[in-house]
Amino acid sequence: MGVTGAGKSYFIKEVSGSSEVEVSDDLYSCTTKVQAHSFGYAGAKITLVDTPGFNDTNRADTDVLKDICDWTSETYKKKRLISGIIYLHRISDVRMEGSALKNLRMFQKLCGPGALQNVLLTTTQWANVNPADGEFRENRLRNEDFWGGLIGKGATLQRFDGTRESGLELIHKLMSNTPKALDIQGQIVDQHMSILETDAGKTINEELIAREKKYKEELESLERERQEAIRAKDDEMKEILAQEQAKAQKNLEKAAAEKKMLAELHAAEIEKRERREKAVIAVATKDIGIDAHIENLVGTSDAFGYFVLDINDDEEFKSERFKFRIDCDSGVVVSLFTAAFKTVKEVIGDTGMNPSNFIEYNGVRYWYKADSVVKRDTRKFVIFSRRS
């Protein structure tokens, strides 16, 4: 990660040796989405992930955050954690500009304190500065206002001199790390937050509110000046102020549109969350019926469940299935169609507990209720639902 123009794509291309990585030759970003590039090193498969910066020239911060959330959430669900994060910053920058500070704040919110021990704060473009100037700026980065707080919590300051050897040294440092989850992953996947509810999303929203206020005040001030120019019959100044108003209005509309996008993403996620709360799990009666266990009435067998968001939608009963195990008890029969359960639990994520009549799916228990059998086409399903 890092600000646009810090050399993220160059670093990945140089270290991985991949000719597929596109590198920009100016300050405009060529990384428009999260991209992963893998290569072999020291007997291991290394995957480097290129992300667009939050000061991207072509994309809104909300768009960038959504892409990062989508990618990190998918990898987290697959139990693939991150061994290291390399945050790149140009040592050629005379000062830490507003865009770099904003990017750094977002970086902190995405990682959270728990992952900072796996972070390398890495300076780039040393060939473009006098060594003494570079060291002076590097020492300033250690200041509490910039990287000092992160270093104090476990992050390490490193240099990348632009060569593959230098980049591989950084990779080597990260390989022995214990992989850790990022705060954004836990908030999105485990806590089921919308993007707006995450720490990173709140930061973007607060900034958008501040930008809206700033541009509105700027427009009001420019209009007062333009009216004064009209009264003074200063046509040249009136035209200059009109152009400035147009710029401020465009910036205001851009901030408002991005804030609306963030709100719409939030509303859509809340709707999905409400649907998930009402969701049930449907299991075909043939999978858990007497016939399924006639040869082995005491023991285990596999069955398949459907995660159903809308029980009245027949298509939901044709969705992708997940597999779980049934431990059968031959001593009880629930109905004509279903054998009783001693325990029902998902194969993946088995907690070792042994309560009866539930399926655990994505960390949530869905319980069997008597007579909860529905018919769809020619099939019959037993329904498991959350307890209220």
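Residues numbered from 1 in each chain as written. Predicted model: local features only at pLDDT ≥ 70, side-chain atom pairs only at ≥ 80, totals over all residues. Heavy atoms only, no water.

Looking up the chain in an unreviewed UniProt entry gives the name G domain-containing protein, with the organism given as Choiromyces venosus 120613-1.

Peer 1: Quick one: what's the story with the overall build of the chain, residue by residue and with numbers?
Peer 2: Helix and strand counts for the chain stand at ten helices and twelve strands. Of all 388 residues assigned to the chain, the portion counted as buried reaches 43%. Pairs at least 24 residues apart make up 63% of the contacts formed inside the chain by residues separated by at least 6 positions. Surface exposure of the chain reaches about 21,200 Å², of which carbon and sulfur atoms provide 48%. (Helix = DSSP H or I, 4+ residues; strand = E, 2+ residues; numbered from the N terminus. Buried < 20%, exposed > 50% of the residue type's maximum accessible area, 1.4 Å probe, protein only. Contact = heavy atoms within 4.5 Å. Areas by Shrake-Rupley, 256 points an atom, 1.4 Å probe, with all protein chains shown as cover.)

Peer 1: Mind laying out the packing of helix 8 (residues 199-231) against helix 9 (residues 235-278), listing which residues take part and the relevant values?
Peer 2: For the pair helix 8 and helix 9, the least separation of the axes is 8 Å and the interaxial angle reads 160°. In terms of axis orientation, helix 8 runs roughly antiparallel to helix 9. When the axes of helix 8 and helix 9 are compared, the crossing they make is left-handed. A class-by-class count of the residues in the contact of helix 8 with helix 9 yields 16 nonpolar, five polar and eleven charged. (Axes fitted to C-alpha atoms, helices over the stretch in contact; angles between N-to-C directions. Parallel < 35°, antiparallel > 145°, perpendicular 65-115°, else oblique. Left-handed = near helix turned anticlockwise from the far one by under 90°. Nonpolar A, V, L, I, M, F, W, Y, C, P; charged D, E, K, R; others polar.)

Peer 1: Help me get a handle on unusual backbone geometry, residues and values and all.
Peer 2: A positive phi is found at Lys233, a non-glycine position, where the angle reads about 55°. Along the chain, Lys233 turns up in the loop between helix 8 and helix 9. The residue Asp377 is not glycine, and still its phi comes out positive at about 60°. Structurally, the position occupied by Asp377 is in the loop between strand 11 (364-376) and strand 12 (379-385).

Peer 1: Which residues make up the sheet that holds strand 3 (residues 85-90), and what values do they have?
Peer 2: Two strands in a sheet stick together by hydrogen bonds in their backbones, pointing the same way (parallel) or opposite ways (antiparallel). Overall, parallel pairing links the three strands, which are arranged 3-4-5 in an open sheet. Either end of the sheet is taken by a strand with one partner, and the two such strands are strand 3 and strand 5 (156-159). Each adjacent strand pair in this sheet contributes to an overall mean axis angle of 30°, direction not counted. Where strand 3 and strand 4 (residues 119-124) come together, six bridges link them in parallel fashion. Its bridge partner being in strand 4, Leu88 is matched across the sheet by Thr122. Sheet strands touched by helix 5 (residues 144-152): strand 3, strand 4 and strand 5. Its angle to strand 4, the strand with the most contacts, is close to 150°. (Pairing = 2+ DSSP bridges.)

Peer 1: Lay out helix 1 (residues 8-16) with the relevant residues and their values.
Peer 2: Residues Lys8, Ser9, Phe11, Ile12, Val15 and Ser16 constitute the buried set of helix 1. All buried residues of helix 1 fall inside an arc of 160° around its axis, so they share one side. On the buried face of helix 1, the contacting elements are strand 1 (35-41), strand 2 (44-50), strand 3 and helix 6 (164-175). In the segment just after helix 1, Gly17 is the residue with positive phi, at about 75°. (Arc of directions from axis to C-beta.)

Peer 1: An account of the pattern of salt bridges is needed here, citing residue identities and associated values.
Peer 2: Two side chains carrying opposite charge are able to pair once their charged atoms lie near each other. Across all of its chains, the model carries 19 salt bridges by this definition. Across the pair Arg273 and Glu197 runs a salt bridge whose closest N-O atoms are separated by 2.6 Å. Of this pair, Arg273 sits in helix 9 while Glu197 sits in the loop between helix 7 (183-190) and helix 8, and the two are 76 residues apart along the sequence. Given a relative accessible area of 23%, Arg273 falls into the partly exposed group. Taking the shortest distance from any N to any O, the salt bridge between Glu244 and Lys247 comes out at 3.7 Å. On the criterion of helical spacing, the pair formed by Glu244 and Lys247 is a turn pair, its members being three residues apart in helix 9. (Salt bridge = Lys/Arg side-chain N within 4 Å of Asp/Glu carboxyl O.)

Peer 1: Describe the pairing of strand 12, with residues and values.
Peer 2: Counted residue by residue, strand 12 has five buried out of seven residues, so it is predominantly covered. Looking at chain direction, strand 6 (residues 280-284) and strand 12 are connected through five bridges and run antiparallel. Across the sheet, residue Ala284 finds its bridge partner in strand 12, namely Phe381.

Peer 1: Requested: an account of the packing of aromatic side chains, with residues and values cited.
Peer 2: Per the counting criterion, the structure on display carries seven aromatic pairs. Where Phe11 meets Phe160, the ring centres are 4.8 Å apart and the plane angle is 70°; that geometry is what we call edge-to-face. Placement of the pair is Phe11 in helix 1 and Phe160 in the loop between strand 5 and helix 6, with a sequence separation of 149 residues. Of the two residues, Phe11 and Phe160, both sit in the buried class. Between Tyr306 and Phe381 the ring centres are 5.9 Å apart and the planes differ by 90°, which places this aromatic pair in the edge-to-face class. Of this pair, Tyr306 sits in strand 7 (residues 299-308) while Phe381 sits in strand 12, and the two are 75 residues apart along the sequence. (Phe/Tyr/Trp six-rings, centres within 6.5 Å; stacked < 30°, edge-to-face > 60°.)

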